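# Overview (structure and organization)
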Amino acid sequence: DERRIRQLMSTVSAVRDYVIGSEVSFHDDFASLSELPTSPRPDPAPRLWIGGRGEDLLRFAGEVADGWNAWGGTAETFARDAGAVVRAAGDRAIELSWGGQMILAETDAAARRRLGDRDPRDFIVGGPEEATRRLLEVVEAGARHLIVAFPNAGDPEPYELLGGAVLPALMGA
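A few points on the structure. (Residues numbered from 1 in each chain as written. Predicted model: local features only at pLDDT ≥ 70, side-chain atom pairs only at ≥ 80, totals over all residues. Heavy atoms only, no water.)

## Quick notes on the pattern of salt bridges
Pairing between side chains of opposite charge can happen when the charged atoms of each approach one another. A full pass over the atoms with the stated rule returns 8 salt bridges. With a closest N to O distance of 2.3 Å, Glu-157 and Arg-114 form a salt bridge. Of this pair, Glu-157 sits in helix α6 (residues 156-172) while Arg-114 sits in helix α4 (residues 108-115); the two residues are 43 residues apart in sequence, bridging distant segments of the chain. According to the relative accessible area criterion, Glu-157 is buried, its value standing at 18%. According to the relative accessible area criterion, Arg-114 is partly exposed, its value standing at 30%. (Salt bridge = Lys/Arg side-chain N within 4 Å of Asp/Glu carboxyl O. Helix = DSSP H or I, 4+ residues; strand = E, 2+ residues; numbered from the N terminus. Buried < 20%, exposed > 50% of the residue type's maximum accessible area, 1.4 Å probe, protein only.)

## With respect to the nonpolar core
Counting residues in hydrophobic clusters, the biggest one holds 31 residues, and the most contacted among them are Ile-50, Trp-68 and Phe-78. When residues of this core are traced back to their parent elements, those giving at least two are α1 (2-20), α2 (55-64), β4 (67-71), α3 (75-89), β5 (95-104), α5 (128-140) and α6. Residues within four places of Phe-78 in sequence aside, it is in contact with Arg-53, Trp-68, Ala-70, Leu-96, Ser-97, Trp-98, Val-138, Ala-141, Gly-142 and Ala-143. Ranked by size, the runner-up nonpolar core spans 7 residues in total, among them Ala-105, Ala-111, Leu-115 and Val-125. (Core = buried A, V, L, I, M, F, W, Y, C linked by side-chain atoms within 4.5 Å. Contact = heavy atoms within 4.5 Å.)

## Let's talk about the packing of α5 against α6
At a closest axis distance of 9 Å, the pairing of α5 and α6 adopts a crossing angle of 45°. Judged by the inter-axis angle, α5 sits oblique to α6. In the crossing of α5 with α6, the sense of the turn from one axis to the other is right-handed. In this structure, α5 contributes Pro-128, Ala-131, Thr-132, Leu-135 and Leu-136 to the contact, and α6 contributes Leu-161, Ala-165, Val-166, Ala-169 and Leu-170. (Axes fitted to C-alpha atoms, helices over the stretch in contact; angles between N-to-C directions. Parallel < 35°, antiparallel > 145°, perpendicular 65-115°, else oblique. Left-handed = near helix turned anticlockwise from the far one by under 90°.)

## Some points on the packing of aromatic side chains
Applying the stated rule across the entire model yields 2 aromatic pairs. Seen from their ring centres, Phe-150 and Tyr-159 are 4.9 Å apart, and the 75° between their planes marks the pair as edge-to-face. According to the relative accessible area criterion, Phe-150 is buried, its value standing at 8%. For Tyr-159, a relative accessible area of 41% puts it in the partly exposed group. (Phe/Tyr/Trp six-rings, centres within 6.5 Å; stacked < 30°, edge-to-face > 60°.)

Structure follows, in structure tokens:
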């Protein structure tokens, strides 16, 4: 909702001012800092990443963040939202990442069985070839970092397939 977005923007602005400023005084509806010294000063300053979607958030991420992460969605959605972030960044470089859930198995059919009654729109579902194809679509849409989560995290098979088949295919593309 709008209040949560404004609160996130407030928090990010206060943290960014704290990390890059010599002293921070910041006041709004969500935060109040008075002459907060920045000691010790980190060098280099930590990189600031923002994740999420929504027109205001995409613009804000482009204006202040070093990186932006989209969670889930198609390559087309990622390309559209990443374009808004890059436009808002102007001449400033910004890193782009995509994260999402994956059901990965030896074959597409086995992955579909593991999906069960979950909504397939919330996942990349398939064997190594399908997973690689879908991840490459996101890379081609502008993602330079990929984050993959497995809902069956206790099962070693998806990790073995990701490292043994998908990652080499991505690196070779």
